Every structure is written in structure tokens, then in C-alpha cells.
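# What the coordinates show
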Amino acid sequence: MVNNISTVAERATVIASPRLWLEGAAIQQLIKTTQLPGMVRAVGMPDLHPGRGYPVGAAFFSAGHFYPALVGNDIGCGVSVWSTDLPTAKIKLDKLDRQIGNLDGVVDDAEHARIADAFPAIAAQRDAVEAALAAAGLDTRHMRSAGTIGRGNHFAELQRVERVVDGDAPAALADPKRLNLVVHSGSRGLGESILREHVDAFGHAGLAEGSPAAQAYLARHAAAVAFAELNRCLIAARICVRLGASAVRELDVNHNTVTFESFDGTAGWTHRKGATPMAGAAILIPGSRDALSYLVAPVAGAAAASLGSLAHGAGRKWQRADCRGRLEKTGMLKDPAKGALGSRVICRDKELVFEEAGAAYKPIDTVIDSLAGAGLVRVLAEYRPVLTYKTRGECC
């Protein structure tokens, strides 16, 4: 291993420090993707873990063809970060919990009106996304789910600055007197319907660049990404309106996409499956609900080594089906509403409590150390969770 980047097979590399464990099944899935026609390279991030046929926490670069199945069903899933005017002093978790209420249900007309008053630009964004869905031949009834978080690893979280590491951290996100709001969600059932349509027609075969089928998928993909970005905006707006807070979106990145890019003089398609693009001056890499999150700056000129990608989080350590059995034996979740760092956790789905426990994820510091040791990022700041919303256990 050199500089935390190691070759595991021809055209396949992984980014990991010596103390970071990567599951063998995930590495085998990564290697298998290099055998797809037109695949040039595959890179596993430090949060690499097995997925359904393809690994999560990886980037793949192909030429002449691209593969919707590598992008997966949650097209545009990603993270947005908002600076708010909510003071960190005298935080009352019970009050925040009560004011946020239930975010599982759809946004009704009255709530849309309140959001439009507080965040006027969102109304035009909604109209543009609905038009994009219609133009791409997608069912516009999916718009009803915009503004809902969903299950799995999606969440909304209020965070406070734990430590500013580097003076280059954006001032708006480095104010210890104010809370930041992080939203992690995607395209909900829309992305699932797009993938299902593709698999029904083509299986897991790729699409030839420039073909009618490829152009049709890319139009649907673009609409789903726009929907996911709107979804995160609406979730943030719902929370801020309920808390009586103002907020500004500072960052927004998508983790599940396919984009046309160029590496080492070759033009082709970068598939990110649970991977953060190295775009912008700062990127948030969230930890689990029991760990810190990290704001990092991509290192200029380092993108080629990782296909312009970074980890998107801590990465799963345990399969979901194994979590309950492992954690019940330890008694670690006696109070599921309390995070390990003293935060409030709103998660009233009993299975999800176990599946999304902090212990089910890799230590986020080893992920960040791997990226920094590979020369890909500089750490700018650390954030501590204050309140994490997963689900009230009701309709979503």
C-alpha cells in the first residue's frame, strides 16, 4: 500500500488506511465491476461495503457505455448543509423535538404556503422539477413525496460546531454560536421507478453512449437528480419553518449519479454509487448518529487518483439483517432516543433503530484518516450531532 491507495486487481483500487477494515465481499464486488464491457477503472472509497450486486461507496469509470444499475435506485441521493440562525446556547432538546413534530407525512397545501412565505424560491423550483418530470415521460404524481426523508440511512440532523481545524472553513458553517442543519435524502420512489423500468427493459446491461435508450435514461436521471435536490430543500424548509428559523443552503452534493467526465485523457462516464464528487471548496462527510461529521476540502490536483470522488459517510460495518442480533446481546441500545454523544435521536421504527445504530457503521475518523492519508482532502471542521430525525414510525 502506498499513500493509502492500494491495487486489488487490474483496474481496481481501494482507498483505505492500514487500520481500516474492508469487507472481502465488497472488494470482490468492486473487482467484478471491472469486467463489465467498457469499464476502465473502479475505485473503492474508505466507506466501501457490499450492496445488492454492486458495492456501495465506490466510483466506476466507463467509456462508450454506462450502467444505470451501478447508479442504483436512489438517483440523486445526497447531502445538503444549511446554516441557520438557531442559537447553540440553551438548547432544549424536548422543545426542538416537539416543534419539529412529524416529518413522515407528505407536505400539504397549508405547509407549502408557509414554506413559500419563508423560502420564496422553492415554489419556482417545484414547478421546474415537475416540468422536468413531465418532459422526461415520468409520472408527476411522484411530486407528492417531495419533502419526505424516507427510511434506510436517510436523516435530517441539527449539528453544532465541535472544532474548527482549518481557517479555510467557510465562515457560515464555522460559527460555534449557531446550529447547522444537514439533510440526507434522495429521489424517493421516483428513482426506484426509473431503475425498475430500465432493468425490465435491459436487465443489468449497459446502454450504448448516444443511443435513444441512453438519451432517454439520461433525461430521466437528470429529472430525478433535480427532484432529489428539491426534496432536500423542502425537508430543510419544513424543519426551519416549524422551528421559526431562517436558513441558507451552503452546500449540496449528490452521491448516486452518472456524469460525463474525463480522466487521464479519456472521456467517459463516472458512476458514483454512494460516493461524493470532489466539487467545490468544502464537502461535508457525515458520521453516524453517534459520531462526529467532518467538513473537508478536496486537494487540488488529486482527483484522478479517486475518479474525482470521496467517501459519502462512515459506511456500513454490519449487514442490516445482522444488527438486531448483535446489538441485543450487548445492551447498547437501552435508550434508543439518546445518541452516544448526548444528542436526541427520533427513530420510532424498532428495526431501523438497530439497523441504523452507530455501532453498525465504521468509525468515521478512520474513513477521514484514509482520505487525508491518500492526499485527497484536508479537514476543515468537525460537527457534533444535536438532534437526528429518522422517522416517527408513521406514514412516510
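It should be noted that the structure appears before, not after, this text.
What you are looking at is a predicted structure, and each value in this text was computed from that prediction instead of being measured.

### Focus on helix 3 (residues 93-100)
All buried positions along helix 3 are accounted for by L96, D97 and I100. Taken end-on, helix 3 shows its buried residues confined to a sector of 100 degrees, consistent with a single buried face. Exposed side of helix 3, more than 90 degrees from the buried face: D94 and R98 are the residues found there. Buried residues in helix 3 make contact with strand 7 (155-164), helix 7 (212-243), strand 17 (344-347) and strand 18 (377-391). Taken from the residues just after helix 3, G101 is the one with a positive phi, measuring 65 degrees.

### Some words on a positive patch on the surface
On the surface, K90, K92, K95 and R98 cluster together to form a positively charged patch. With respect to the helices, strands and loops of the structure, K95 is situated in helix 3. You can call K95 partly exposed: its relative accessible area is 42%.

### Re the packing of aromatic side chains
Scanning the entire structure with this criterion turns up five aromatic pairs. Ring geometry for F66 and W269: centres 4.9 Å apart, planes at 50 degrees, overall tilted. Taken together, the residues F66 in strand 5 (residues 65-66) and W269 in strand 12 (residues 266-273) connect sequence positions 203 residues apart. For the ring pair F260 and W269, a centre distance of 5.0 Å and an interplane angle of 65 degrees mean the geometry is edge-to-face. Classification of W269 as buried rests on a relative accessible area of 9%. Here the aromatic residues F66, Y217, F260 and W269 are joined through ring pairs into a cluster of three or more.

### Digging into the sheet that holds strand 11 (residues 256-263)
Reading across the sheet, the six strands line up as 1-2-3-4-12-11 and stay open at both edges, with mixed pairing between neighbours. Either end of the sheet is taken by a strand with one partner, and the two such strands are strand 1 (5-9) and strand 11. Averaged over all adjacent pairs, the angle separating strand axes in this sheet is 25 degrees, with direction ignored. Bridge count between strand 3 (residues 39-49) and strand 4 (residues 56-62): six bridges; the pairing is antiparallel. Residue pairing for strand 4: M39 is matched across the bridge by S62. Here helix 1 (residues 24-33) sits on the sheet and contacts strand 1, strand 2 (12-15), strand 3 and strand 4; the angle it forms with strand 3, its principal contact strand, is near 165 degrees. In the packing of helix 7 onto the sheet, contacts are made with strand 11 and strand 12, and the angle to strand 11 comes to roughly 115 degrees.

### Quick look at the packing of helix 4 (residues 109-118) against helix 7
As a packed pair, helix 4 and helix 7 sit with axes 10 Å apart at the nearest point and diverge in direction by 85 degrees. Between helix 4 and helix 7, the crossing angle belongs to the class labelled roughly perpendicular. Across from E111, H112, R114, I115 and A118 in helix 4, the residues of helix 7 making contact are L234, A237, R238, V241 and R242. Residue composition of the contact of helix 4 with helix 7, by class: five nonpolar, one polar and four charged.

### Some remarks on the side chain of H112
Within the secondary structure, H112 sits in helix 4. Setting aside chain neighbours within four positions, we find H112 in contact with V107, R126 and L234.

### Section: the packing of helix 3 against helix 7
Two elements in contact, helix 3 and helix 7, have axes separated by 8 Å at closest approach and are oriented at 120 degrees. Between helix 3 and helix 7, the angle is such that the two are oblique. Along this stretch, helix 3 crosses helix 7, giving a crossing that reads as right-handed. For the pair helix 3 and helix 7, contact is made by L96, Q99 and I100 and by I239, R242 and L243, respectively.

### Side note on the layout of surface pockets
Here the largest pocket defines a volume of roughly 1400 Å³. As for the largest pocket, its lining consists of 46 residues, and the residues nearest its centre are V56, N73, N153, K273 and R320. It is helix 6 (residues 188-202) that contributes the most residues to the lining of the largest pocket, five residues altogether. Counted by class, the lining of the largest pocket contains 13 nonpolar, 20 polar and 13 charged residues. When its volume is computed, the second largest pocket comes out at roughly 210 Å³. Those elements giving two or more residues to the lining of the second largest pocket turn out to be strand 6 (78-87) and helix 3. Take the lining of the second largest pocket: its biggest share by element is three residues, from helix 3. Taken together, the residues of the lining of the second largest pocket sort by class into seven nonpolar, one polar and three charged.

Quick notes on the rules
- Numbering of residues starts from 1 in each chain and follows the order in which that chain's sequence is written.
- Per-residue local features of the predicted model are confined to residues with pLDDT of at least 70, and side-chain atom pairs are confined, for both listing and counting, to 80 or more; whole-chain, interface and lining totals are unaffected and use all residues.
- With hydrogens and water set aside, each side-chain value is computed from the structure's full complement of heavy atoms.
- Three labels apply to residues, based on accessible area from a 1.4 Å probe with only protein chains included: buried if under 20% of the type maximum, exposed if over 50%, partly exposed otherwise in between.
- A run of H or I in DSSP counts as a helix once it spans at least four residues, and a run of E counts as a strand once it spans at least two, with each numbered from the N terminus.
- What the arc covers is the set of directions going from the helix axis to the C-beta atoms.
- Whether two residues are in contact is decided by their heavy atoms: any pair within 4.5 Å suffices.
- To count toward a patch, a residue needs a relative accessible area above 30% and no salt bridge. Like charges then connect within 9 Å, nonpolar side chains (Val, Leu, Ile, Met, Phe, Trp, Tyr) within 5 Å.
- Here the accessible surface of atoms and residues is derived via Shrake-Rupley with a 1.4 Å probe, and residues count as covered only by protein chains that are part of the display.
- What makes a salt bridge here is a side-chain nitrogen of Lys or Arg within 4 Å of a carboxyl oxygen of Asp or Glu, nothing more.
- When charges are counted, Lys and Arg are positive and Asp and Glu negative, with His and the chain ends excluded.
- Each charge is placed at NZ for Lys, CZ for Arg, CG for Asp and CD for Glu.
- When the centres of two rings from Phe, Tyr and Trp lie within 6.5 Å, Trp using its six-membered ring, the rings pair. Their planes under 30 degrees apart give stacked, over 60 give edge-to-face, and anything left gives tilted.
- Any two strands between which DSSP finds at least two bridges are classified as paired.
- Interaxial angles span 0 to 180 degrees and are taken between N-to-C directions of axes, which are lines fitted to C-alpha atoms, for helices over the stretch in contact.
- In this scheme, roughly parallel covers angles under 35 degrees and roughly antiparallel covers those over 145, while 65 to 115 is roughly perpendicular and the rest are oblique.
- Each residue is assigned to one class: nonpolar for Ala, Val, Leu, Ile, Met, Phe, Trp, Tyr, Cys and Pro, charged for Asp, Glu, Lys and Arg, and polar for all the others, Gly among them.
- Note on convention: the crossing is left-handed when the near helix lies turned anticlockwise from the far helix by less than a right angle, right-handed when the turn is clockwise.
- Note on definitions: the grid is 1 Å and covers protein atoms alone; a cavity is a set of points where a 1.4 Å probe fits but cannot get out; a pocket is an open set with protein on both sides within 12 Å along at least five of seven lines; lining residues have an atom within 4 Å of a point.
- Grid points are joined across faces, edges and corners, and a volume is the space filled by probe spheres set on the points.

In short, shape yes, function no, at least from these values alone.
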